[in-house]
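# Chains, contacts and geometry: an overview
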Amino acid sequence: MTKQIYNFSQGNMKMANLLGGKGANLAEMTNMKLPVPKGFTITTDACHDYQKNKKISAQLLKELDDALKQLSDLTGKEFESSDDPLLLSVRSGAAISMPGMMDTILNIGLNDKTVVSLAELTQNERFAYDSYRRLLSMFGNVVYGISEDAFDQVLTDIKKAKNYRSDLDLTVDDLKVIIERFKELYKKSDHGDFPQDPRQQLMAAINAVFDSWNNNRAQVYRRENHISEDLGTAVNIQEMVFGNFGDDSGTGVAFTRNPSTGESGLFGEFLLNAQGEDVVAGIRTPEPVSVLKDKLPQIYQQLATIAARLEKHYREMQDFEFTIERGRLYLLQTREGKRTPDAAVKIVVDLAAEGLITKEEALMRIEPESVTKMLHPVFSETDLNEHTILTTGLPASPGAASGQVYFTSQDAKTASDRGEKVVLMRSDTSPEDIEGMIASQAIVTSRGGMTSHAAVVARGMASTGVVGAHELEVDYDSKTAQVKGQIIHQGDWVSVDGTNGNIYLGKIKTRDAVIRGDLSKILSWAKEISEMGVYTNADTPKDFQKALDFDADGIGLTRTEHMFFRPERLLQMRRLILAESAEERKDPLSELLKMQQEDFYQIYKLAKDKEVTIRLLDPPLHEFLPHDEKEIAAVSKQIGVPTDKLRARTESLKESNPMLGHRGDRLAVTFPDIYQMQVKAIMHAIIRLREENIKVEPHIMIPLTDSQAEMAWVRKLVVDQIDEFVKSDHLDLQYTIGTMMEMPRACLTADKIAESSDFFSFGTNDLTQLTFGYSRDDLGSFMPEYIKKGILPDDPFQTVDVEGVGALMKMAVEKGRHTKKDLPIGVCGEVGGDPRSIEFFEKIGITYVSCSPYRVPIARLAAAQAHIKSVKATNDSDLLVAAE
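Residue indices begin from 1 for each chain and proceed along its sequence in written order. Given that this is a predicted model, residues contribute local features only at a pLDDT of at least 70 and side-chain atom pairs are listed and counted only at 80 or more, while totals for whole chains, interfaces and linings are drawn from all residues. Side-chain numbers come from the whole structure's heavy atoms, not from hydrogens or water.

### Here's the deal with the overall build of the protein chain
Scanning the protein chain from terminus to terminus reveals 35 helices and 31 strands. For the protein chain, the spread of C-alpha atoms along the three principal axes comes to 105 × 70 × 50 Å. Any two residues having at least one pair of non-hydrogen atoms within 4.5 Å are treated as being in contact. Counting contacts in the protein chain only where the partners sit at least 6 residues apart, residues at least 24 apart contribute 68% of the total. None of His or the chain ends enter the tally, which takes Lys and Arg as positive and Asp and Glu as negative. For charged residues, the charge sits on one atom: NZ in Lys, CZ in Arg, CG in Asp, CD in Glu. When the 104 basic and 132 acidic side-chain charges of the protein chain are each reduced to a single mean position, those positions are 2 Å apart. Numbering of helices and strands starts at the N terminus; helices are DSSP runs of H or I of at least 4 residues and strands are runs of E of at least 2.

In structure tokens, the structure reads:
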């Protein structure tokens, strides 16, 4: 049968999956001959067994008896003895550190008899009864579920009645009264009296730690940090050491480097005459660990020596807990220290410079998503602490911004023109809102998901965005919004955090962030190591410049439809759509040609020698049309078409499901002059740049291809237009024409489509919609429940669905490269900037990803990590084959 208990001397740091991170590191420190209280670890296998059978197995009970006997022999004390009792701590410890998420119980073994023995043995009655009251409160809360507040209130009442300033003022008599009142709380609970039998205490504590794996806060933490539900927790049982023995005792937490800044040197806090959670509980204000230099200089020097040794041994910044008992130092745990994103980057760069880790190891230690927080404006922490959260939605586009609320696009633009900082707040947005969206510091909607119109546009414009804030009720008539009874009037200041989805009432100061120093070095290492290109989705020179600031390799997707939503262009686009013949389309096409030519010229000029892929018009025509009577009347007046005629034409263009209807290359088939106009604009821009000695090789993308025949037809339309310019201007022009792979049928017939396509670029938004049958704008009503209930592991619009969408992508890659061996293949959908998706793309041979400007550094780091993992997996496989 599998062994379920390991003494600390039997394990090591590589056994985290079995012993949990805490147990593995306690074993490692024991082997390093560091001062660790003696003990043993119950394995995660035992936790799995407990969860399966809802009880502790007979095997574990037998091993527990043996382990307790060995511990008694080592310590010279006996568990369950009244004379010289062995007191125990019981702590959880998962394979991946989850600070504060699960439970700890100290002083197991104390009862009405052993507390008297402990007082006599130590000649310190106050210490003994202080330890007992701590056991009662911890055990009651963790095992019996008695509210922590109930125990705290007893302490508060006595301290208030006696005018005490802290727990240290409590006398022995006070502590005895507190103990009795704590026992009364037990009597009032559903579980009855506090168990006096130490063995019963221990078994209940072990059960509680196993159960804590599934407490709500642990589940939420795992979900937020993508930690597997299957790991389980180990249980660490140690002899107690006491920091609450007097002024030569204490407890503390220390880091080998500053977790906020990354600066090297011992950093932390401690409390004298304290135990367990006192430092982090906030009951007393701890002192900086540096103060120990004066109070207990030998202990401080020992700590500094151990800190340096731990960091060198683990080759990583460590966070360790310590207890001082009567002038003797003990280590209770060590683990990789949690740190801010800025500190994380500095620490790995410094460790690499010190020769402790390689560049590859440094890159693997940075969480790509954490880099986001280093790039966008962020709220000043000092100012943020003075504001409470109004509501929380989905963090659609990172950044932090404050502004005055407006509920319509026109009001937002007018206010912006007056010089106001604006937040556009709506139930949802449409292309009609683009002016207000452009004018706004942040965009907030009560409906929609992470790929809704508001979310996609906000990210594309690098604007702060929060969507799906369902508690928000917008009333356009009264120009107000309401959240849980709080009324927000037009003009009120709100602050929006697009990184975590929080919305605050009032104005909060922000600070800008730029790539520099250590982060710049990390990203240069990432670019050096990765093989996958990282491009940006950009529709304006402003967006492209931001991506270039982040060292994007070029543009993987320019969405030309986004160029049509500005007022003067929307007018011409509507004239074009509402025209009833090719002749009527000539004039608006001519006007749009001039505008598009300038757009492409500016983008190409900025790109210099970097690639730019331009996607021809994709969205359904209804997105450009007026939606209600008020808009119809305004457009009628604007373009000089009678209201009745305009309404009838608009109705004739409506589709049951526009996203599946008349859009993409279907527009090229029915309105070829639209695509011809766009190709002309591209060529005019190229010729203009040739005159400035800037050579451009255009990459043109055809959206929504379904078949080889369709791709071949549209390709010929584009090539014929290019050839006219090549012949008339005697151009020596290299160009590529590819397709956006966003239809399941396209993936299934990719080998055929590749015959007429120079490259593929996966549009994963539509491919996911059509594979699942989900509308990305409506999934907010059910997707959270799907994820919460484990039906889906993630939102498939944010992280690629490997089993379904991923299988189609893999098939398309293999089929496409069967036809053309070196076919370039990119990803330009939302998942193009998602680290977990990028790891999958590396496996299937994607050439490049393209994402919003602010995600370029995240994608760059993720691409490097994916390649490092891929190389390691290949090397491991080769070693395995060689061994066989």
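### Some details on the sheet that holds strand E3 (residues 88-94)
The pairing criterion is simple: DSSP has to find at least two bridges between the two strands. Ordered in space as E1-E2-E5-E3-E4, the five strands form an open sheet in which the pairing is antiparallel. Each having just a single partner strand, strand E1 (5-7) and strand E4 (104-108) make up the two edges of the open sheet. The average undirected angle you get between the axes of adjacent strands in this sheet is 20 degrees. The pairing of E3 with E4 spans three bridges and is classified as antiparallel. Looking across to E4, one finds that Leu88 is bridged to Ile108. Lines fitted to the C-alpha atoms define the axes, with helices restricted to the stretch that makes contact. Angles between their N-to-C directions range from 0 to 180 degrees. Where helix H1 (residues 16-31) meets the sheet, it contacts E1, strand E2 (39-42), E3 and strand E5 (233-239), and its direction lies at approximately 125 degrees from that of E3.

### Some words on helix H15 (residues 368-375)
Summary of the burial criterion: residues with accessible area below 20% of their type's maximum are buried, those above 50% are exposed, and those between are partly exposed, where the area comes from a 1.4 Å probe applied to protein chains only. Most of H15 is tucked away, with six of its eight residues classed as buried. The set of residues buried in H15 consists of Pro368, Ser370, Val371, Thr372, Met374 and Leu375. At its buried positions, H15 is contacted by helix H13 (341-353), helix H20 (517-529), helix H34 (835-844) and helix H35 (856-883).

### Brief notes about the pairing of strand E24 (residues 533-537)
Within E24, five of the five residues are buried, leaving the element largely enclosed by the surrounding structure. Bridging between E24 and strand E31 (residues 848-851) involves four bridges; their strand directions are parallel. Its bridge partner lying in E31, Tyr535 is registered against Ser850. Where E24 and strand E25 (residues 554-559) come together, two bridges link them in parallel fashion. Opposite Asn537, over in E25, you have Leu557 as the bridge partner. One crossover worth recording links E24 to the parallel E25 by way of helix H21 (residues 541-549), and it is right-handed. By definition, the crossover connecting two strands over a helix is right-handed if that path, from the first strand to the second, turns clockwise as seen with the strands pointing away from the viewer.

### What about H34?
Residue pairs three or four apart in sequence face the same way in an α-helix, which turns once every 3.6 residues. Burial analysis of H34 places seven of its ten residues in the buried class, which makes it a mostly covered element. Every buried residue belonging to H34 is among Pro835, Ser837, Ile838, Phe840, Phe841, Glu842 and Ile844, and all of these are buried. As for H34, its buried residues are in contact with H15, helix H33 (805-819), strand E30 (825-827), E31 and H35. Where H34 ends, the next residue or the one after it, Gly845, has phi of about 85 degrees, a positive value.

### Describing the environment of Ile179
Looking at the secondary structure, you find Ile179 in helix H7 (residues 172-188). Separated by 325 residues in sequence, Ile179 and Tyr504 place their C-alpha atoms 43 Å apart.

### Quick notes on the nonpolar core
Membership of the largest hydrophobic core comes to 142 residues, with the highest contact counts inside it found for Leu363, Tyr604, Phe762, Met809, Ile838 and Phe841. No other element matches the eleven residues that helix H27 (residues 672-690) contributes to this core. Ranked by size, the runner-up nonpolar core spans 61 residues in total, among them Cys47, Ile56, Ile146 and Ile206. Among the buried residues, those of types Ala, Val, Leu, Ile, Met, Phe, Trp, Tyr and Cys that are joined through side-chain atoms within 4.5 Å form a nonpolar core.

### Here we look at the packing of aromatic side chains
When two rings of Phe, Tyr or Trp (its six-membered ring) have centres within 6.5 Å they constitute a pair, described as stacked for plane angles under 30 degrees, edge-to-face for angles over 60, and tilted for the intermediate range. Counting across every chain of the model gives 19 aromatic pairs. Measuring from centroid to centroid gives 6.4 Å for Phe564 and Phe624, while their planes differ by 65 degrees, and the two rings are edge-to-face. Of this pair, Phe564 sits in the loop between E25 and helix H22 (567-578) while Phe624 sits in the loop between strand E26 (611-615) and helix H24 (629-639), and the two are 60 residues apart along the sequence. Grouping residues by exposure puts Phe564 and Phe624 together as buried. An aromatic cluster is defined as three or more aromatic residues linked by ring pairs; in this entry it consists of Tyr132, Phe139, Tyr144, Phe151, Phe182, Tyr186 and Phe194. Directly above the aromatic system of Tyr129 lies the positively charged group of Lys176, at a separation of 5.0 Å from the ring centroid. Either the NZ atom of lysine or the CZ atom of arginine qualifies as a charge over a ring when it sits within 6 Å of the ring centre and within 35 degrees of the ring normal. We note Lys507 situated over the ring of Trp493; from NZ or CZ to the ring centre the distance is 4.6 Å.

### Considerations on the sheet that holds strand E12 (residues 389-392)
Strand order in this open sheet of eight strands is E12-E22-E21-E14-E15-E16-E17-E13, and the pairing throughout is mixed. Each edge of the sheet is formed by a strand with only one pairing partner; in this case those strands are E12 and strand E13 (394-397). Within the sheet, the average angular offset between the axes of one strand and its neighbour, ignoring direction, is 30 degrees. Helix H17 (residues 409-417) rests against strand E14 (400-406) and strand E15 (422-426) of the sheet, and its axis sits at about 175 degrees to E15.

### A short note on the side chain of Asp794
Looking at the element boundaries, Asp794 is found in the loop between helix H32 (783-788) and H33. Here the side chain of Asp794 touches Arg836 through a polar contact of 2.9 Å, side chain to side chain. Look past the residues within four positions of Asp794 in its chain and what remains in contact with it is His226, Ile787, Thr799 and Arg836. Whenever a nitrogen or oxygen atom comes within 3.5 Å of another N or O atom, the pair is scored as a polar contact, on the condition that within protein one atom can donate a hydrogen and the other can accept it, and that pairs from neighbouring residues in sequence are kept only if both atoms are in side chains.

### Points about the packing of helix H6 (residues 148-161) against H7
The relative placement of two packed helices is expressed as an angle between their axes plus a distance between the axes. At a minimum axis separation of 10 Å, H6 and H7 run at an interaxial angle of 145 degrees. Relative to H7, H6 is oriented so that their crossing is right-handed. Taken together, the residues of H7 that come into contact with H6 (itself represented by Ala150, Phe151, Val154, Leu155 and Ile158) are Asp174, Val177, Ile178, Arg181, Phe182, Leu185 and Tyr186. Following the grouping adopted for this structure description, the nonpolar residues are Ala, Val, Leu, Ile, Met, Phe, Trp, Tyr, Cys and Pro, the charged ones are Asp, Glu, Lys and Arg, and the polar ones are all others, Gly among them. For the contact of H6 with H7, a count of residues per class yields ten nonpolar, no polar and two charged. Should the near helix be turned anticlockwise from the far one by less than a right angle, the crossing is left-handed, and should it be turned clockwise, the crossing is right-handed.

### Here's the deal with a negative patch on the surface
Together, Glu78, Glu80, Asp83, Asp84 and Asp197 make up a negatively charged patch on the protein surface. Mapped onto the elements of the fold, Asp197 is located in the loop between H7 and helix H8 (198-212). For Asp197, a relative accessible area of 35% gives the class partly exposed. Patch building starts from residues that exceed 30% relative accessible area and form no salt bridge, then joins like charges within 9 Å and nonpolar side chains (Val, Leu, Ile, Met, Phe, Trp, Tyr) within 5 Å. Calculation of accessible area relied on Shrake-Rupley with a 1.4 Å probe; when residues are assessed, cover is drawn exclusively from the protein chains displayed. Basic side-chain nitrogens of Lys or Arg form a salt bridge, by our definition, when they fall within 4 Å of a carboxyl oxygen of Asp or Glu.

### So, the environment of Leu472
Relative to the helices and strands, Leu472 is located in strand E18 (residues 472-475). Residue Leu472 is classed as buried on the basis of its relative accessible area of 4%. As for Leu472 and Val483, which are separated by eleven residues in sequence, their C-alpha atoms are 5.0 Å apart.

### Describing the packing of H21 against helix H23 (residues 582-607)
One way to put it is that H21 packs onto H23 with a least axis distance of 10 Å and a crossing angle of 15 degrees. As judged from the angle between their axes, H21 and H23 are roughly parallel. Two packed elements cross with a definite hand, and for H21 against H23 that hand is right-handed. Residues Pro541, Phe544, Gln545 and Leu548 of H21 touch H23, and the partners they reach there are Gln602, Ile603, Leu606 and Ala607. Broken down by class, the residue content of the contact of H21 with H23 amounts to six nonpolar, two polar and no charged. When an angle is under 35 degrees it counts as roughly parallel; over 145 it counts as roughly antiparallel; between 65 and 115 it counts as roughly perpendicular; any other value is oblique.

### Considerations on the pattern of salt bridges
Applying the stated criterion to the full structure yields 54 salt bridges. The residue Lys159 makes a salt bridge to Asp167 at a minimum N-O spacing of 2.6 Å. We note a salt bridge from Asp587 to Arg575, for which the minimum N-O separation is 2.6 Å. You can see Asp587 sitting in helix H23 and its partner Arg575 sitting in helix H22, a full twelve residues away along the chain.

### So, the pairing of E18
Covered by surrounding structure in E18 are Leu472 and Val474 only, the residues Glu473 and Asp475 on the alternate face being uncovered. One ladder, built from four bridges, connects E18 with strand E19 (residues 480-483); its direction is antiparallel. Pairing of Asp475 across the sheet is with Thr480, part of E19. The turn linking E18 back onto E19 is made up of four residues, and Lys479 within it adopts a positive phi angle of 55 degrees.

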